[in-house]
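Here's the letter readout for the chains.
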Amino acid sequence: MNLGPELIFHLKNLDILNAEPMLQDIIMAAWEKFGLDVVTSGYRPSDKGTHGTTPLRAIDLRCRDSVIGNHIAKWVNKRWQYDPDRPKMNCAICHDSGSGKGLHLHFQVHPNTIRIKNKWW
Ligand SMILES: [Zn+2]
């Protein structure tokens, strides 16, 4: 029985349970559809942005390949719109923010975030 990936996922599950429901949907989709299972950052109390809100509005998942990461980000951004009033903002960003964390997928939501397509898997 291989509990590895699931165990890693669940060890950080507290942040997921405290996340906005729409963010939970995105994280679960990234897990089920693409197998992303390592949370590299969740709630950061001193963060002035989406990693510092309660409920939590941003979670990072490990992704070591920018081609795959950009594909996943595109898949998510086709299905969730961060804020219809600010169409350039995205729910998923594959980036290296330069903070020493390396490449990762940053997933975020806003109170205005909507599902933009009904298609699921
Ligand atoms: Zn992030």
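Since the model is a prediction, treat every value here as computed from it, not as a measurement.

Draft legend 1. Structural context of unusual backbone geometry. Following Thr54, the chain continues to Pro55 via a peptide bond in cis, the omega torsion being -5°. Following the sequence through the fold, Pro55 ends up in the loop between strand 1 (39-41) and strand 2 (58-62).

Draft legend 2. Geometry of the environment of Val38. For Val38, the position within the fold is in the loop between helix 3 (21-34) and strand 1. A count of 15 C-beta atoms within 10 Å places Val38 in the partly exposed class. For the pair formed by Val38 and Leu61, sequence separation is 23 residues and the distance between their alpha carbons is 5.6 Å.

Draft legend 3. Summary view of the nonpolar core. Within the largest apolar cluster, 25 residues are counted, with the highest numbers of intra-cluster contacts made by Leu23, Ile26, Ile59, Val76, Leu105 and Phe107. At the level of secondary structure, the elements contributing two or more residues to this core comprise helix 3, strand 2, helix 4 (66-79), strand 4 (92-96) and strand 5 (103-108). The leading source of residues in this core is helix 3, at five residues. Contact partners of Ile26, with chain neighbours within four places excluded, come to Val76, Trp80, Cys91 and Phe107.

Draft legend 4. Spatial organisation of helix 4. With 14 residues, helix 4 should cover 20 Å at 1.5 Å per step; its first-to-last C-alpha distance of 20 Å lies within 8% of that length. If you follow the buried residues of helix 4, they end up packed against helix 3, strand 3 (80-81), strand 4 and strand 5.

Draft legend 5. Highlighting the sheet that holds strand 5. With antiparallel pairing, four strands are arranged side by side in an open sheet as 1-2-5-4. Because the sheet does not close on itself, it has two edges, and the strands there are strand 1 and strand 4. With direction set aside, neighbouring strand axes in the sheet form an average angle of 35°. Relative to strand 2, strand 1 runs antiparallel, the two being bridged by two bridges. By the bridge assignment for strand 2, Ser41 is matched with Asp60. Here helix 3 sits on the sheet and contacts strand 2 and strand 5; the angle it forms with strand 5, its principal contact strand, is near 145°. Packed onto the sheet, helix 4 meets strand 4 and strand 5 and runs at close to 155° relative to strand 4.

Analysis parameters
- Residues numbered from 1 in each chain as written.
- Predicted model: local features only at pLDDT ≥ 70, side-chain atom pairs only at ≥ 80, totals over all residues.
- Helix = DSSP H or I, 4+ residues; strand = E, 2+ residues; numbered from the N terminus.
- Buried ≥ 20, exposed ≤ 12 C-beta atoms within 10 Å, placed from the backbone.
- Core = buried A, V, L, I, M, F, W, Y, C linked by C-beta atoms within 7 Å.
- Contact = placed C-beta atoms within 7 Å.
- Expected span 1.5 Å × (residues − 1).
- Pairing = 2+ DSSP bridges.
- Axes fitted to C-alpha atoms, helices over the stretch in contact; angles between N-to-C directions.

Taken by themselves, the reported measurements are silent on function.
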